[in-house]
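Fold and contact review
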Amino acid sequence: KKKKIRGIDNGWFTETATMWPGQKFSLALKDFSNDSILFHEQSEYQDILVFQSSQYGKVFAIDGVLQLTERDAFTYHEMMAHLPLFSHWNPERVLIVGGGDGMLLQEVCRHKEVRHITLVEIDPMVIYASKNILNFVSQDLYDDPRVEIVHADGAEYIQDPSNHDKFDIILADTLDPLGPAESLFEPEFYEAMHDALRPNGVVCAQGENMFMNLDLIRDLVACCSEIFDHAEYATTTVPSYPCGQIGFVLARKGNGHGKARGCSVPVRTPAFQDDLKWYNPQMHKAAFVLPQYIKVELNSAAGNMNGRIGELGDVDDGDDDEQEGDRCFLAGCTIQ
């Protein structure tokens, strides 16, 4: 008797997760057949599944949670990479935490300014599945001379003192905050990322869904507003993700001279625009335009930061002097 595969039943894949109570997302397997299952293995860290769907092409899932599909993955990875990279004048050194599927790495490699990319992926089987089963990116991508692959825990790697003041861009392409990935949503992880950035460096972290996870987003933005010199939230559309939406928390480390610049307006334009499906400078700016109730929530959470999150993510600075008695958001975060 074949072992039952998590999330697969009667020709359908259905997500099994606790972060989206009261709703489930399902995709039909091609021909409603288990013959469409291309890869299923339990690694040292997680359950990895790749299958051919009827409408979304190949689908990649970890521990019963959909990670990406062939049909719409570009809407997430192009924005996660290019929002921070085009907000930096000269991003030479980039750190990717997670992202072993290679989609984010592909986008970073498009930037000729980037001289070194460190990809920290704890699970070698994710890279194996990407190279041999998914085939969304060229296998040669992992052999780019600028790319260094490290198999390690992302939180432990970034807390290593040898990585302080090392990176211009950090992309935290993390799983949802369940199980081992919980440490990647704690304030200590964001503090470590701040320490690992060079002056004017930018962090872009997976920011969850504003319809289902607003409390978490509010805490993340509040914590980042305390740790970094500027923090904001951007959004994109991914049809196969919960509610069709996911966001990013972008935060910049200052240079010690004046206020830090936000990320809502690109400072460079893509020389490779024809190779992109989703990102362009107009989409960049639009990603920071938030629904009114989200703006109100995030402004409330960031009440002790110097300024408010405004149109296109711009911050209107208030009094630059820190007020005695300001509450540190790290102490009150529900993500602790």
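Residues numbered from 1 in each chain as written. Predicted model: local features only at pLDDT ≥ 70, side-chain atom pairs only at ≥ 80, totals over all residues. Heavy atoms only, no water.

**Side note on the state of the cysteines**
Across all of its chains, the model carries zero disulfides by this definition. Just so you know, C204 is unpaired, no disulfide at all, and the nearest cysteine sulfur is the one on C263, 8.2 Å from it. Here C224 stays unpaired: no disulfide links it, and the sulfur of C223, its closest cysteine neighbor, is 6.9 Å away. (Disulfide = S-S within 2.5 Å.)

**Here's the deal with the sheet that holds strand 2 (residues 12–14)**
With respect to topology, three strands assemble into an open sheet ordered 1-2-3, the strand pairing being antiparallel. Edge strands, defined here as strands with exactly one partner in the open sheet, are strand 1 (8–9) and strand 3 (26–28). Inspection of the sheet shows strand 1 paired to strand 2 by two bridges, in the antiparallel sense. Bridge pairing in strand 2 places I8 opposite F13. (Pairing = 2+ DSSP bridges. Helix = DSSP H or I, 4+ residues; strand = E, 2+ residues; numbered from the N terminus.)

**As for helix 1 (residues 73–85)**
In this model, helix 1 (13 residues) spans 18 Å end to end at C-alpha, consistent with the 18 Å of a helix rising 1.5 Å per residue. Counting buried positions over the 13 residues of helix 1 gives 12, a clear majority of the element. Restricting attention to buried positions, one finds in helix 1 the residues A73, T75, Y76, H77, E78, M79, M80, A81, H82, L83, P84 and L85. (Expected span 1.5 Å × (residues − 1). Buried < 20%, exposed > 50% of the residue type's maximum accessible area, 1.4 Å probe, protein only.)

**Considering the packing of aromatic side chains**
The final tally for this structure, using the stated rule, is nine aromatic pairs. Relative to F32, the ring of W12 lies with its centre 5.8 Å away and its plane at 55 degrees, an arrangement referred to as tilted. Note that W12 is positioned in strand 2 and F32 in the loop between strand 3 and strand 4 (37–42), a separation of 20 residues in sequence. Centroid distance F39 to Y128: 6.0 Å. Interplanar angle 45 degrees. Geometry classified as tilted. With F39 in strand 4 and Y128 in helix 3 (residues 124–134), the pair connects residues that are 89 residues apart, well separated along the chain. The exposure class assigned to Y128 is partly exposed, which follows from its relative accessible area of 44%. Counting every residue linked through ring pairs, the aromatic cluster contains Y76, Y241 and F248. (Phe/Tyr/Trp six-rings, centres within 6.5 Å; stacked < 30°, edge-to-face > 60°.)

**Observations concerning the sheet that holds strand 13 (residues 230–237)**
Strand-to-strand pairing in sheets goes through backbone hydrogen bonds, with the strands running parallel or antiparallel. The strand order across the open sheet built from seven strands is 10-9-8-11-12-14-13, with neighbouring strands paired in mixed fashion. Where the open sheet ends on each side, the last strands, each with one partner, are strand 10 (147–150) and strand 13. Along the sheet, successive strands turn relative to each other by an average axial angle of 15 degrees, direction set aside. In this structure, strand 12 (residues 197–206) lies alongside strand 14 (residues 245–252), joined through five bridges in antiparallel fashion. Bridge pairing in strand 14 places Q206 opposite F248. (Axes fitted to C-alpha atoms, helices over the stretch in contact; angles between N-to-C directions.)

**Examining the pairing of strand 8 (residues 93–98)**
Taking burial as the measure, the six residues of strand 8 include five buried ones, the bulk of the element. Alignment of strand 8 against strand 9 (residues 116–120), held across five bridges, turns out to be parallel. Looking across to strand 9, one finds that L95 is bridged to T118. In this view, the connection linking strand 8 to its parallel neighbour strand 9 by way of helix 2 (residues 103–109) has right-handed handedness. As judged from the five bridges shared by strand 8 and strand 11 (residues 167–173), these two strands associate in the parallel manner. Bridge assignment links V97 to a residue of strand 11, and that residue is A172. (Right-handed = clockwise from strand over helix to strand, strands pointing away.)

**Section: helix 3**
Of the residues making up helix 3, those classed as buried are V126, I127, A129, S130, I133 and L134. At its buried positions, helix 3 is contacted by strand 4, strand 5 (47–52), strand 6 (58–62), strand 9 and strand 10. At the N-terminal end of helix 3, a side-chain oxygen is found 3.0 Å from the backbone nitrogen of M125, two or three residues along, and the residue is D123. Looking one or two residues past helix 3, N135 carries a phi angle of roughly 55 degrees, positive in sign. (Contact = heavy atoms within 4.5 Å. Polar contact = N/O pair within 3.5 Å; in protein donor to acceptor, adjacent residues only side chain to side chain.)

**Looking at the side chain of D72**
Here D72 lies in the loop between strand 7 (65–69) and helix 1. Within polar-contact distance, the side chain of D72 engages the side chain of S240 at 2.8 Å. Not counting residues up to four positions away in its chain, the partners in contact with D72 are Y56, V238, P239 and S240.

**Regarding the packing of helix 5 (residues 187–196) against helix 6 (residues 214–227)**
At a minimum axis separation of 10 Å, helix 5 and helix 6 run at an interaxial angle of 40 degrees. As judged from the angle between their axes, helix 5 and helix 6 are oblique. For the crossing formed where helix 5 meets helix 6, the hand is right-handed. Of helix 6, the residues touching helix 5 (which contributes P187, Y190, E191 and H194) are L220, C223, C224 and I227. For the contact of helix 5 with helix 6, the per-class residue count stands at six nonpolar, one polar and one charged. (Parallel < 35°, antiparallel > 145°, perpendicular 65-115°, else oblique. Left-handed = near helix turned anticlockwise from the far one by under 90°. Nonpolar A, V, L, I, M, F, W, Y, C, P; charged D, E, K, R; others polar.)

**Concerning the nonpolar core**
In terms of nonpolar packing, the biggest core is built from 62 residues, with L83, I96, L105, V108 and L250 touching the most fellow members. Once you skip the residues sitting within four places of it in the chain, L250 turns out to touch L83, P84, V202, V203, C204, H230, A231, E232, A234, C263 and F288. The next biggest cluster of nonpolar side chains, apart from the first, holds 37 residues, and it includes A192, L197, I227 and V249. (Core = buried A, V, L, I, M, F, W, Y, C linked by side-chain atoms within 4.5 Å.)

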